[in-house]
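Structure at a glance
The chain contents come next:
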Amino acid sequence: MKKDKEMKDNLNETASTEPKTKAPKKAKVKTSKKKSKMPEGYIGRPKPMRTKTFEFHKPTAKFYIGLVFFLLLAGFITYLAIRLINVSKITDAFIKAYQFDADNTPETFTIENDKLKMVMDTRTTQFTILQKDTEHVWYSNPPELQNDPIALTKEKNNMMSTLLVGYSTENGVSNTYDTYTYSIKRDFFEVDKKNNVISVNYTASTMEREYKYPLAIYAEEFEEYLEQLSTGDQNVLTRRCYREIDIDRLKPSDNKEELLRKYPGLEDDNLYLIFDPLNQYLKEQCESIFAKIDYSDEDYLRHHELYQEKSEKSEPAFNITVNYKLDGNKLIVDIPFDDILYKHAYPLVQLSVLPYFGAAGLEDEGFMFVPEGGGSIINFNNGKTRQNGYYADVYGWDWASDRKAVIKETRVAYPVFGESFGDSSFIAIMENGSEYAGVTAEISGKLGSYNYVRADYKMIHGEQFEVSQRNTSAQYAYEANLPEGERITQVYAFVNSPSYVDMAKEYRNYLFGNQKKVANKETPLAVEIVGAVDKVQQVLGMPKNKPYKLTSYTDAGKIINQIEDLGISNVRYKLSGFINGGIRQKMLKKVKYIKALGGKNHFNKMLDSVEETSAKVYLDASTQFSYRSTLNDGFFRYRDPARFASDEVCELQEYSPVWYGKLDSMDSYYLLRPYNIDRAADVLAKEALGNNLAGISYRENGYQLSADYNDSVGKTTSRAKAREQQVARMKEAKDNGLSVMINAGNAYAVKDADIITNLTMHGNSYAIIDRHIPFYEIALHGYKDYTGSPVNLGYENDQIILESAECGAGLYFVFMNEKEKALQETSYTEYYAACFDTWKDKLNDIYKRYDKELGVIKNSLIVDHAFISDDVTVTTYDNGYKVYVNFGYVDCNVVPGLKIPARQYKVQKVED
């Protein structure tokens, strides 16, 4: 206080000695009333604090740019925080070590009905299926595989297994556990039977049995458990299993600082630690004691994380439950995802279910059926051991998974495979989980002496990513978990016939049941009219990528009217590339008509010009992809695309047909996230309704199916969920009175589609395949209209027509108004044969002959199909007509008086 008084006196004295001059008014400043804070002992006049008057100005462009940058940065930081929170929440589930109880489990479990009888050997979980009508016995695993002279030990172990479990490390190294080696031989499984359902719980692992009791627990919680136990059980735990640690009463060997570092809660409460090592019988007794008080998996994991006494070696481990039941002539195999557990350091990436069911040996005669194209046959023991085995993805590639190169697309449209030998056959339908499946088939003579076909399921999806250019080691990111509530369900339908036609009829019954058949007046004909493509054009002397006219809206109306004038009616017209920039379409947030084609006004006039015709007009659009879209189109790169499992946006590129890698020289495009796909489908339907169109054409929905692995809160969408969304939009369009056109015809979409274009007939001619058959078309014909690929764009026009005649398909053409030279300096060489003026007369001749001859079978069911020779087929319909097709280059005399010319088809009525 004294020092403060002295300083105040000094200040007053100093102030009195200064000259008193009056400052000008404009130099006068306002002083703050706040006291200045000066260092202790400071003597001198404090500098008065000034209050600055601010003048507000209109924000500049720099201000807005800075604000946008700030908001983007804040959003990015928030996103990273969410990602980190999500990652921190990933914890390993408790992997149960199931134990086979031989003393209390019967040697076999049996379930049966009037069609089938299933007997499972509980010691191996292998089983047989007796097909009662034919007395044929199907084996889950080859019964004599130990005598296989070719198979090595690992392959024999695979053939003795009912599951093959593929996993990966966090560094992308893959391996496979077979359930025979890693579960059955170790007695790590349980078998049970309840209500005619046989359930098998597998633990596939090399780990030692993990017992469920707390390894470390604080005294307060431990005593609560003890209160629920008998005195004897309490004594076992406190005297023989656990050591109590009191921080104030430690042993000489204890390190107090180390204990407090590991267990900071010791300052407030005592700790119980499990004795290590603990005898085997005490582990079992301890687990049984805690089981009495319902000690949960969650409690175990919580206490396991608390335990810090040793670093346990992490081993791959998996829990998988398989349920079997019978339903008529069907065996249903069900694997719930919610019952699959694994360690996140070893993600489950693939699961093969009953990989050797029905495997045929060297002496067996018959074939494997695979869903390549319309269907394909691989004969048992066909000797093609130098050829690659068969594999194809159900519904094609998931575009939310990156690929470095593409040699050939391997896709199938329907989730079915099967086998036939003796007097019986089966088809296996992937009822649930088909979105993740691929079909594998292999012949004998390679890895073993057996022929087999199976489904392999991609489970946890992962992606390699680059951390930095300096880091050369592979880094992988994986999905956090399997989709909740989903499952794998395989339905094995047994057929009392070895015929692939009867197998296809079984699938037809499965698909359509009692659904109403079609009632066409003419053979289905679809015509696609191409509006605009993108092309680099000069704008004020500068190159710019703009929509380029191939068919204006006015010209499209003229084409429709000219086809009507030819006497061809009820044509379905697909208006492709008519909106949002053309074929490579911008994101469909709203419909924008193309000025180069005439704009909205000319589009309306075109519709008016065809109103009196029989034409059915479908507006086509891309709903899943975005090309050359900007903020002006409502597209934001970091918000609107789907994401890979690595969290990178799904920016896609075309692949070279020469060297198969990505074409960096071409513009990239984006796979949209499911929300935007849903919205685009809704925008398309509303536009069609607003213009009173007959229907809508989905360019990708029903053809391409992709997930979104964005693991931000609530955004991850599995492939199965994406399928459900596609189906829901189709049903909604149908309910609103719109007809639906799709491409390729994925099985989940056919029920709600009215016509399918670009349905693959013969598929890829892989060397291992022996014959193509119209399996899918047998199932579809009479219930759905479908066409093959465009006749005028095919490498051989007559080949497409012949395949269509064999399969009972309609015809499909693609036209544009401009001449071929308009496509110069574009990337659209596929349309070089699409000029309408060139094809007008050919369309008239081809279709009228086709409709005249095959129109009699347009609404009929296919009841038989056969090969008269390698090049000649005959398809029989339920109205008594047969269609002969000669794919060869020489004439064929089928029967006396019936000759099928080379590369031609003939229709004949079967005489009673």
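Here, every reference points to the structure presented above.
Please read all numbers here as calculations on a predicted model, not as lab measurements.

Concerning the overall build of the protein chain
- Check the secondary structure of the protein chain and you find 17 helices and 46 strands.
- The 912 residues of the protein chain split such that 51% are buried.
- For the protein chain, the proportion of contacts with a sequence separation of at least 24, taken over those separated by at least 6, is 69%.
- Counting every atom, the protein chain has about 44700 Å² of accessible surface; 49% of that belongs to carbon and sulfur.

Notes on the packing of helix H11 (residues 553-565) against helix H17 (residues 836-854)
- Relative to each other, H11 and H17 sit at 20°, their axes nearing to 11 Å. Comparing their axes, H17 and H11 come out roughly parallel. As H11 runs across H17, the sense of the crossing is right-handed. Facing Ile 559, Gln 562 and Ile 563 of H11, the residues of H17 in contact are Phe 836, Lys 840 and Leu 843.

Looking at the sheet that holds strand E32 (residues 625-627)
- Read across the open sheet, the three strands follow the order E32-E34-E33; overall the sheet is antiparallel. This sheet does not close on itself; its edge strands, each paired only once, are E32 and strand E33 (651-652).
- Of the pairings in the sheet, the one linking E32 to strand E34 (residues 669-671) comprises three bridges and is antiparallel in character. In the strand pairing of E34, Phe 625 is matched with Leu 671.

Side note on the pattern of salt bridges
- As enumerated under the stated definition, the model contains 41 salt bridges in all.
- Between Lys 734 and Asp 754 there is a salt bridge, and its shortest N-O distance comes to 2.8 Å. Placement of Lys 734 in helix H14 (residues 719-735) and of Asp 754 in the loop between strand E36 (739-743) and strand E37 (755-757) is noted, with a sequence separation of 20 residues between them.
- Where salt bridges share partners, they join Glu 221, Asp 299 and Arg 302 into one cluster.

Looking at the pairing of strand E20 (residues 416-421)
- Within E20, six of the six residues are buried, which leaves the element mostly enclosed by the surrounding structure.
- Residue alternation in E20 divides its side chains into two sets, Val 416, Gly 418 and Ser 420 and Phe 417, Glu 419 and Phe 421, and both sets are buried.
- Here strand E16 (residues 366-370) runs beside E20; their pairing, made up of four bridges, is antiparallel. Along E20, the bridge assignment pairs Gly 366 with Phe 421.
- One ladder, built from six bridges, connects E20 with strand E21 (residues 424-432); its direction is antiparallel. Across the sheet, residue Val 416 finds its bridge partner in E21, namely Ile 429.

Brief notes about H11
- End to end, H11 covers 19 Å across 13 residues, agreeing with the expected 18 Å (1.5 Å per residue, within 8%).
- The set of residues buried in H11 consists of Tyr 553, Asp 555, Ala 556, Gly 557, Ile 559, Ile 560 and Ile 563.
- Looking at the packing, one finds that the buried side of H11 touches strand E27 (525-530), strand E30 (572-576), helix H12 (599-609), strand E40 (811-815) and H17.
- Looking one or two places after H11, you find Gly 567, whose phi comes out positive at around 90°.

Some details on the packing of aromatic side chains
- Inspection of every chain in the model, using the stated rule, returns 50 aromatic pairs.
- When the centroid spacing of 4.3 Å and the interplanar angle of 20° are considered together, the rings of Tyr 414 and Tyr 776 count as stacked. A residue pair is termed long-range when its members are at least 10 positions apart, and Tyr 414 in the loop between strand E19 (411-412) and E20 and Tyr 776 in helix H15 (residues 775-780) qualify at 362 residues.
- With a relative accessible area of 1%, Tyr 776 lands in the buried category.
- A centroid spacing of 5.5 Å and a plane angle of 40° characterise the contact between Tyr 553 and Phe 578, whose relative ring orientation is tilted. Placement of the pair is Tyr 553 in helix H11 and Phe 578 in the loop between E30 and H12, with a sequence separation of 25 residues.

A look at the environment of Met 730
- Summarising the element assignment, Met 730 is placed in helix H14.
- In this structure, the C-alpha to C-alpha distance between Met 730 and Ile 696, residues 34 residues apart in sequence, is 9.6 Å.
- If we ignore the near neighbours within four places in the chain, the residues touching Met 730 are Tyr 698, Asn 701, Gly 702, Val 740, Ile 742, Ala 749 and Asp 752.

Thoughts on the sheet that holds strand E15 (residues 348-353)
- The strand order across the open sheet built from seven strands is E6-E5-E15-E23-E22-E18-E19, with neighbouring strands paired in mixed fashion. With partners counted over all chains shown, the strands left at the sheet margins are strand E6 (174-178) and E19, one partner each.
- Bridge count between strand E5 (residues 163-168) and E15: five bridges; the pairing is antiparallel. Bridge pairing in E15 places Leu 163 opposite Val 353.

Section: unusual backbone geometry
- A cis amide bond, omega 10°, links Asp 276 with the succeeding residue Pro 277.
- Take Pro 277: it is sitting in the loop between strand E11 (271-274) and helix H8 (280-291).
- Phi at Asn 195 takes a positive value of approximately 50°, unusual for a residue other than glycine.
- The residue Asn 195 is located in the loop between strand E7 (189-194) and strand E8 (197-205) in this model.
- Exposure remark for Asn 195: the relative accessible area of 75% places this residue in the exposed category.
- Even without being glycine, Leu 354 reaches a positive phi, approximately 45°.
- Its location among the elements puts Leu 354 in the loop between E15 and E16.
- Its relative accessible area of 3% is what places Leu 354 among the buried residues.

Criteria and cut-off values
- Residues numbered from 1 in each chain as written.
- Predicted model: local features only at pLDDT ≥ 70, side-chain atom pairs only at ≥ 80, totals over all residues.
- Heavy atoms only, no water.
- Helix = DSSP H or I, 4+ residues; strand = E, 2+ residues; numbered from the N terminus.
- Buried < 20%, exposed > 50% of the residue type's maximum accessible area, 1.4 Å probe, protein only.
- Contact = heavy atoms within 4.5 Å.
- Areas by Shrake-Rupley, 256 points an atom, 1.4 Å probe, with all protein chains shown as cover.
- Axes fitted to C-alpha atoms, helices over the stretch in contact; angles between N-to-C directions.
- Parallel < 35°, antiparallel > 145°, perpendicular 65-115°, else oblique.
- Left-handed = near helix turned anticlockwise from the far one by under 90°.
- Pairing = 2+ DSSP bridges.
- Salt bridge = Lys/Arg side-chain N within 4 Å of Asp/Glu carboxyl O.
- Expected span 1.5 Å × (residues − 1).
- Phe/Tyr/Trp six-rings, centres within 6.5 Å; stacked < 30°, edge-to-face > 60°.

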